[in-house]
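The chain contents come next:
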Amino acid sequence: MAELKNPAGASLDAPAAARPPARSAVARRLVRHAVRLVVSLAVLMVASFAMIHLIPGDPVRASLGPAAPVELVEARRVALGLDRPWPEQLLAYTGDVLTGDFGTSFITGEPVGQVIATRLPNTLALALIATLLALAVAIPLGMWAAVRTENGRNRGTEAGFGATTGAAVAVPEFLYSIALVAVFAIWLKWLPPASKAGPESYILPILSLAIGPTAMIARIARAQTLRELGQDYVRLARANRLPVLRLHLRHVLPNTLTATLTLGGLLLTSLIAGSVLVEYVFAWPGLGMRIVESITMKDYPVAQGAILVYGALVLVVNFLVDVLIGVLDPTSALKEN
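Residues numbered from 1 in each chain as written. Predicted model: local features only at pLDDT ≥ 70, side-chain atom pairs only at ≥ 80, totals over all residues. Heavy atoms only, no water.

Turning to the overall build of the protein, a few remarks are in order. Within the protein one finds 13 helices and zero strands. In sequence order, the secondary structure elements of the protein are arranged as α-α-α-α-α-α-α-α-α-α-α-α-α. A burial count over the protein gives 39% of its 337 residues as buried. Contacts spanning at least 24 positions in sequence make up 74% of the contacts within the protein whose residues lie at least 6 apart. Entry remark: accessible area of the protein is about 17,200 Å², with carbon and sulfur atoms responsible for 68%. (Helix = DSSP H or I, 4+ residues; strand = E, 2+ residues; numbered from the N terminus. Buried < 20%, exposed > 50% of the residue type's maximum accessible area, 1.4 Å probe, protein only. Contact = heavy atoms within 4.5 Å. Areas by Shrake-Rupley, 256 points an atom, 1.4 Å probe, with all protein chains shown as cover.)

Here you go:
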């Protein structure tokens, strides 16, 4: 019997693996993405600097209140360097950020870097756990739905899967938050309604963040699996009576993971940014909650620093996703070049 191979060129009697492209192609791809990351970070830094200058009115006056003496306002402007020309301020701001100095809170006097270091781990914990949960549930669910509904079989399963996941994607995270609090905290009294107070307090915020992404990734995983199930190598493997579980797990699954993991990386960045409202609903002591508080209290240095860190996280995670795709699918480097 001829050796069976999947589209990546791997034998169906061995784990799926793509033939690595030339090292120069991989290196060029890596350098290109690294340059994009540096340029994007520079643009983000300029944008975060401009944010405080584009606010209508005087941000110092807004933070101190209309009754603050003129002398106090001017002294604060001088202390913050806001009396200097913009190019000089931008240069000083860039130097401070590169050394980890994000300024000082208008309200509390805390270093912004300390605020970020205290709050960011709580936000990342929610986003990372929600992403892992979404991937762990969605990929098997999507593959199961694809196998069940292949070639038009089980129309009821297909309709139910499409309707359920479509509805789940359409509901915003903060509505899930409110509904989960109403059911599990107020009605059933099984879980705490707010704040960070032990492992059980993670459950509702993580579910609020994970439900919609789980449904979205499941839909993508189903579509990718259906595409793979229609490939010639799958038909040939079935004709040669390759065990079903071996075919699905060792050959169909690896070929569906590239797009799904790409979406998972983008999902992580969206959950980091989208956790703001969820943190507000659950009074979660994360960076998103602090952003809401700083905007409400006109504490612009904290908002500026937090938004800069959020943007940098999004850019870095996207860069890491590109690197991961290059590792999982080395032929993509050749295609890109």
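Here the structure, examined in full by the defined rule, presents six salt bridges. Note that Glu-158 is salt-bridged to Arg-155, the shortest N-O span being 3.5 Å. Placement of the pair is Glu-158 and Arg-155 together in helix α6 (residues 155-170), with a separation of three residues, close to one helical turn. Given a relative accessible area of 58%, Arg-155 falls into the exposed group. A cluster of three or more residues bridged by salt bridges with shared partners is formed by Arg-155, Glu-158 and Arg-222. (Salt bridge = Lys/Arg side-chain N within 4 Å of Asp/Glu carboxyl O.)

The subject of this paragraph is the packing of helix α5 (residues 112-149) against helix α11 (residues 287-296). In contact at an axis separation of 7 Å, α5 and α11 are set at 130° when each is read in the N-to-C sense. In terms of their interaxial angle, α5 and α11 are classed as oblique. On α11, the residues that touch Val-115, Ile-116, Arg-119, Leu-120 and Thr-123 of α5 are Leu-287, Gly-288, Met-289, Arg-290 and Glu-293. Per-class residue counts for the contact of α5 with α11 are five nonpolar, two polar and three charged. (Axes fitted to C-alpha atoms, helices over the stretch in contact; angles between N-to-C directions. Parallel < 35°, antiparallel > 145°, perpendicular 65-115°, else oblique. Nonpolar A, V, L, I, M, F, W, Y, C, P; charged D, E, K, R; others polar.)

Turning our eyes to something else, we now look at the side chain of Ser-201. Here Ser-201 is to be found in the loop between α7 (173-187) and α8 (203-229). Among the polar contacts made by the side chain of Ser-201, one reaches the main-chain carbonyl oxygen of Gly-198 at a distance of 2.5 Å. (Polar contact = N/O pair within 3.5 Å; in protein donor to acceptor, adjacent residues only side chain to side chain.)

Moving on, we come to the packing of aromatic side chains. In this description, a pair of aromatic rings is defined by centroid distance and the angle of the planes. All told, the structure shown has four aromatic pairs when counted by the stated rule. Aromatic pair Phe-49 and Trp-86: ring centres 6.4 Å apart, planes at 85°, arrangement edge-to-face. A residue pair is termed long-range when its members are at least 10 positions apart, and Phe-49 in helix α1 (residues 23-54) and Trp-86 in helix α4 (residues 86-98) qualify at 37 residues. Of the residues examined, Phe-49 reaches a relative accessible area of 8% and is grouped as buried. Trp-86 gets classed as partly exposed once you look at its relative accessible area, which sits at 46%. Pairing Tyr-202 with Trp-284 gives two aromatic rings, centres 4.9 Å apart and planes at 75°, and the pair type is edge-to-face. You can see Tyr-202 sitting in the loop between α7 and α8 and its partner Trp-284 sitting in the loop between α10 (244-281) and α11, a full 82 residues away along the chain. (Phe/Tyr/Trp six-rings, centres within 6.5 Å; stacked < 30°, edge-to-face > 60°.)

Since the α-helix advances by 3.6 residues per turn, residues separated by three or four positions end up pointing in the same direction. Its 38 residues place the ends of α5 53 Å apart at the C-alpha level, agreeing with the 56 Å of an ideal helix rising 1.5 Å per residue. At Arg-119, α5 is bent by approximately 30°, the largest bend along its length, and proline Pro-121 sits one to four residues beyond. Where α5 ends, the next residue or the one after it, Asn-151, has phi of about 60°, a positive value. (Expected span 1.5 Å × (residues − 1). Bend = angle between axes of the 7 residues up to and from the residue.)

This brings us to the packing of α6 against α8. Two elements in contact, α6 and α8, have axes whose closest approach is 8 Å; the angle formed by their N-to-C orientations is 140°. One finds that α6 runs oblique with respect to α8. The handedness of the crossing between α6 and α8 is left-handed. The residues of α8 that touch α6, namely those facing Glu-158, Phe-161, Gly-162, Thr-165, Gly-166, Ala-168 and Val-169, are Ile-211, Gly-212, Ala-215, Met-216, Ala-218, Arg-219 and Arg-222. For the contact of α6 with α8, the per-class residue count stands at seven nonpolar, four polar and three charged. (Left-handed = near helix turned anticlockwise from the far one by under 90°.)

The subject of this paragraph is the environment of Leu-180. Positionally, Leu-180 belongs in helix α7. Looking at Leu-180, the relative accessible area reads 11%, which means it is buried. Considering only alpha carbons, one finds Leu-180 and Leu-207, 27 residues apart in sequence, at a separation of 8.4 Å. Ignoring sequence-local partners within four residues, the contact set of Leu-180 consists of Ala-185, Leu-204, Leu-207 and Ser-208.

Treat this as a map of the structure, not an account of what it does.
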